[in-house]
Amino acid sequence: MFQLHERLAADTYKLGESRLCDILLMNDSTWPWIILVPRVSGIREIYQLASEQQQQLLAESSVLSEGMMDLFAGDKMNVAALGNMVPQLHLHHIVRYQGDPAWPGPVWGKQPPVPYTEEQLASVKAKLQPLLEQLA
């Protein structure tokens, strides 16, 4: 049975579900940062998914990436499945801007997370709603 890793549960807000994945917002307002987590137990790597699931993950990731770039007008979309700290397969989608606090390097470990305020969270959820409906 699928269960979200406790670290992901602690660091994110659940925005919804797609056909394959839980859709999570990283609680760091520095960057628009969404994580897709396939609801498949025991999977650590993309190649462990069934072929149809791999294709579905790519399709969902592509829709999410394009939508986030449109909504947040970024300079670059970073997509990564690292799993060094959290072994459960999850795919980060981070909109990057030239001149952001970590540019051009990776965002991990650059600075402590800046949690969303209630107002910021409500605003970003409203902004993302049409995209989340596309993914549902």
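Rules of the game
- Residues numbered from 1 in each chain as written.
- Predicted model: local features only at pLDDT ≥ 70, side-chain atom pairs only at ≥ 80, totals over all residues.
- Heavy atoms only, no water.
- Buried < 20%, exposed > 50% of the residue type's maximum accessible area, 1.4 Å probe, protein only.
- Helix = DSSP H or I, 4+ residues; strand = E, 2+ residues; numbered from the N terminus.
- Expected span 1.5 Å × (residues − 1).
- Bend = angle between axes of the 7 residues up to and from the residue.
- Contact = heavy atoms within 4.5 Å.

## Digging into unusual backbone geometry
The step from Trp-103 to Pro-104 runs through a cis peptide bond, and the omega angle for that step is 0°. Even without a glycine there, the phi angle at Ala-73 is positive, about 50°. A relative accessible area of 57% places Ala-73 in the exposed class.

## Focus on helix H3 (residues 118-135)
The first and last C-alpha atoms of H3 sit 24 Å apart over 18 residues, in line with the 26 Å expected at 1.5 Å per residue. A bend of about 50° at Gln-129 is the largest found in H3, and the proline Pro-130 appears one to four places after it. Among all positions of H3, only Leu-121, Val-124, Leu-128, Leu-131, Leu-132 and Leu-135 are buried. Next to the buried residues of H3 lie strand S1 (12-17), strand S2 (21-26), strand S3 (33-38) and helix H2 (51-72).

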